[in-house]
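# Working through the structure, step by step
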Amino acid sequence: MLSVVPSPVVVRAPSKVNLHLGVGELRADGYHELTTVFQALSLTDEVELSPSSSLTVKVSGEGADEVPTGRTNLVWQAAVRLGHLAGRAPLVEITLRKGIPVAGGMAGGSADAAAALIGLNELWDLGLTRDELATHAAELGSDVPFALHGGTALGRGRGEKLLPVLSRNTFHWVLALAKGGLSTPAVFKELDRLREAGSPPRLGEPQDLLQALASGDPHLLAPLLGNDLQAAALSLKPELRRTLRAGVEAGALAGIVSGSGPTCAFLCTDADTALAVSAELSGAGVCRLVRTATGPVPGARVISGP
Ligand code: ATP
């Protein structure tokens, strides 16, 4: 008798850069109130899901050794959550092919979680809507809803309350991946310490940046990029100052620490300039690895299925 082996579902999910990351007050629940503008980038992870006799997570690619394969992995938590909802055991093998740097401030774990939600909805034929998936996403982590949403969006609350943002044209980015990662909670803690010790400048509201995005002009956007976490990331990893300087000297319009870092993101005029900046940065010895990317790109989506 022929047995049919179901083909796996493969989902691609984007990384993100925060074009604007304003950090407000520390809330009673331990989170900070954020005002952020996310852009989804073409540096992606692929998540493959297949039926199995147990729940397992395998990881390959960029930084695979540092990714947990047990219950602390967000894809594991996504499988348990949707399994519970569907009243079935989460018997699935999940393979992560990482392109997004681990602990790099580009929300790689969140991208995988969003991909797992989309993939399991398909694999188990759950029929959940995008809105229902977004509710589960917000419970898995603050950046997971944006990884589902993609594009460019304004985030409030912990970053999970999203409004789409009009962004014209494609923007060209160079990403400098650092040696080692930075823990997001440690970077927020360092910002609290810096704020207690003095009053580092704080970003205002991002109206001008939203207008620059609507114009599609990278020259208008570049001077408006801002990240309240950058001072804290630089305090914990001072060598990032050299990286930021090197990118601008190489021809980028502006450089910024991505999220909680340590990845540095450089906005360039066009694709050719991005290639030239990436070649120069690769040779400058100021980072571990250089990648180019474009944004905005769509959120997590199935690229092959049963
Ligand atoms: P943030 O979303 O806070 O900006 P980040 O992009 O800096 O995070 P991630 O790559 O998401 O960093 O990983 C942060 C930590 O989460 C890692 O150190 C790792 O231990 C854990 N982790 C859990 N699940 C994953 C996953 N699927 N991929 C990568 N890291 C994961």
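Residues numbered from 1 in each chain as written. Predicted model: local features only at pLDDT ≥ 70, side-chain atom pairs only at ≥ 80, totals over all residues. Heavy atoms only, no water.

### A closer look at the site of the ligand
What counts here: Nearness of a residue to a molecule or strand requires only that one of the residue's heavy atoms be within 4 Å of it. Throughout this description, a polar contact denotes any pair of N or O atoms lying within 3.5 Å of each other; where both atoms belong to protein, one of them has to be capable of donating a hydrogen while the other can accept it, and for residues adjacent in sequence the pair is counted only when both atoms sit in side chains. In this description, accessible areas are obtained by the Shrake-Rupley approach with a 1.4 Å probe, and a residue is regarded as covered only by the protein chains that are shown. Numbering of helices and strands runs from the N terminus; a helix is a DSSP stretch of H or I covering at least four residues, while a strand is a stretch of E covering at least two. In the scheme used here, Gly and all other residues not listed as nonpolar or charged are polar, with Ala, Val, Leu, Ile, Met, Phe, Trp, Tyr, Cys and Pro taken as nonpolar and Asp, Glu, Lys and Arg as charged.
In the neighbourhood of the ligand, 20 residues make up the surrounding shell, with Gly105, Ala107, Gly109, Asp112 and Thr184 lying closest. Between the ligand and Gly105 there is a distance of 2.8 Å, counted from an oxygen atom to a backbone nitrogen or oxygen. Asp112 places a side-chain nitrogen or oxygen 2.9 Å from a nitrogen atom of the ligand. Burial of the ligand by the protein chains amounts to 78% of its free accessible area of 610 Å². When contributions to the shell around the ligand are tallied by element, the ones reaching two or more residues are β4 (92–98) and α2 (108–123). At four residues, the largest contribution of residues to the shell around the ligand is made by α2. Its residues assigned to classes, the shell around the ligand shows nine nonpolar, eight polar and three charged.

### Comments concerning the state of the cysteines
Threshold: Criterion for a disulfide: a pair of cysteine sulfur atoms within 2.5 Å. Per-residue accessibility, obtained with a 1.4 Å probe over protein chains only, is compared with the maximum for each type, and a residue is labelled buried under 20%, exposed over 50%, and partly exposed between these values.
Evaluation of the coordinates by the stated rule reveals zero disulfides. Distance from the sulfur of Cys264, which forms no disulfide, to the nearest cysteine sulfur (Cys287) is 8.2 Å. Cys264 sits in the buried class, given a relative accessible area of 0%. Between Cys268, a cysteine without a disulfide, and Cys264, which holds the nearest cysteine sulfur, the sulfur-to-sulfur distance is 13 Å. The buried category is assigned to Cys268, whose relative accessible area is 1%.

### Some remarks on the packing of helix α1 (residues 74–86) against helix α3 (residues 130–140)
This is how it is decided: Only the stretch in contact is used when fitting a helix axis, every axis being a line fitted to C-alpha atoms; angles between N-to-C directions are given from 0 to 180 degrees. For classification purposes, angles smaller than 35 degrees are called roughly parallel, those larger than 145 roughly antiparallel, those between 65 and 115 roughly perpendicular, and all remaining angles oblique. The handedness criterion is simple: a crossing whose near helix is rotated anticlockwise from the far helix by less than a right angle is left-handed, and one whose near helix is rotated clockwise is right-handed. Contacts are assigned to residue pairs with any non-hydrogen atoms lying within 4.5 Å of each other.
Direction vectors running N to C along α1 and α3 enclose 135°, while the axes themselves pass 11 Å from each other. Taken together, the axis directions place α1 and α3 in an arrangement best described as oblique. When you trace α1 past α3, the crossing you get is right-handed. Contacts from Leu74, Gln77, Ala78, Arg81, Leu82 and Leu85 in α1 reach His136, Glu139 and Leu140 in α3. Partitioned by chemical class, the residues of the contact of α1 with α3 number five nonpolar, two polar and two charged.

### A look at the pattern of salt bridges
Where side chains of opposite charge bring their charged atoms close, a pairing between them can arise. Applied cut-off: Only one rule defines a salt bridge in this text: a Lys or Arg side-chain nitrogen within 4 Å of an Asp or Glu carboxyl oxygen.
Applying the stated rule across the entire model yields 15 salt bridges. Ionic pairing is found between Lys58 and Glu93, a salt bridge with its closest N-O pair at 3.6 Å. Here Lys58, found in strand β3 (residues 56–61), pairs with Glu93, found in strand β4; they are 35 residues apart in sequence, far enough to count as distant. Residue class for Lys58 comes out partly exposed when judged on its relative accessible area of 44%. Among the residues examined, Glu93 registers a relative accessible area of 25% and is labelled partly exposed. Taking the shortest distance from any N to any O, the salt bridge between Arg195 and Asp228 comes out at 3.5 Å. With Arg195 in helix α5 (residues 184–197) and Asp228 in the loop between β8 (226–227) and α8 (230–236), this pair connects stretches of sequence that are 33 residues apart. You can call Asp228 buried: its relative accessible area is 7%. Salt bridges here are not isolated pairs; linked through shared partners, they connect Arg12, Glu46, Glu48 and Arg97.

### Here we look at unusual backbone geometry
Trans is the prevailing form of peptide bonds, just as negative phi is the prevailing case for residues other than glycine. Geometrically, the link from Gly261 to Pro262 is a cis peptide bond, its omega value of 5° lying close to zero. For Pro262, the position within the fold is in the loop between β9 (254–257) and β10 (264–268). Residue Gly295 is joined to Pro296 through a cis peptide bond whose omega torsion reads 0°. Of note in this structure, Ala107 is not a glycine but carries a positive phi near 60°. With respect to the element layout, Ala107 can be found in the loop between β4 and α2. A relative accessible area of 16% places Ala107 in the buried class.

### Remarks on helix α6 (residues 207–215)
Note the following rule: For this quantity, the arc is that covered by the directions from the helix axis to the C-beta atoms.
Among all positions of α6, only Leu209, Ala212 and Leu213 are buried. Along the axis of α6, the buried residues cluster in a sector spanning 100°; they form a single face. Counted as exposed and oriented over 90 degrees from the buried face of α6: Asp208 and Gln211. Tucked inside the fold, the buried residues of α6 contact β1 (9–26), β2 (32–51), β5 (152–157), β7 (171–177) and α7 (218–221).

### Section: a positive patch on the surface
Stated precisely, the cut-off is as follows: In this analysis, a patch consists of residues with relative accessible area above 30% that form no salt bridge, clustered at 9 Å for like charges and at 5 Å for the nonpolar side chains Val, Leu, Ile, Met, Phe, Trp and Tyr. The sign given to each residue is positive for Lys and Arg and negative for Asp and Glu; His and the chain ends receive no count. A charged residue contributes its charge at one atom only: NZ of Lys, CZ of Arg, CG of Asp or CD of Glu.
On the surface, Lys179, Arg241, Arg242 and Arg245 cluster together into a positively charged patch. For Arg242, the position within the fold is in helix α9 (residues 240–249).

### With respect to the UniProt feature "domain: GHMP kinase N-terminal" (unreviewed entry) in the chain
Under the convention used in this document: UniProt positions are given in the numbering used here, feature names are shortened, and annotations may be inferred rather than shown by experiment.
UniProt records the feature "domain: GHMP kinase N-terminal" (unreviewed entry) for residues 73–151 in the present numbering. Here residues 73–151 runs as 58% helix and 9% strand, with 25 Å between its end C-alpha atoms.

### Quick notes on the sheet that holds β7
Our working definition: Each pair of strands is called paired provided DSSP finds at least two bridges between the two strands.
The strand order across the open sheet formed by four strands is β9-β10-β7-β11, and the pairing between neighbours is antiparallel. Bordering the open sheet on either side are β9 and β11 (289–295), each of which pairs with just one other strand. Looking at each pair of strands side by side, their axes are set apart by 25° on average, direction ignored. Bridge count between β9 and β10: four bridges; the pairing is antiparallel. Bridging from a neighbouring strand, Gly255 pairs with Phe266 of β10. Contacting β7, β9 and β10, α9 runs over the sheet at an angle of about 15° to β10. Across the sheet, helix α10 (residues 271–283) lies against β7, β10 and β11, angled at about 10° from β7, the strand it touches most.

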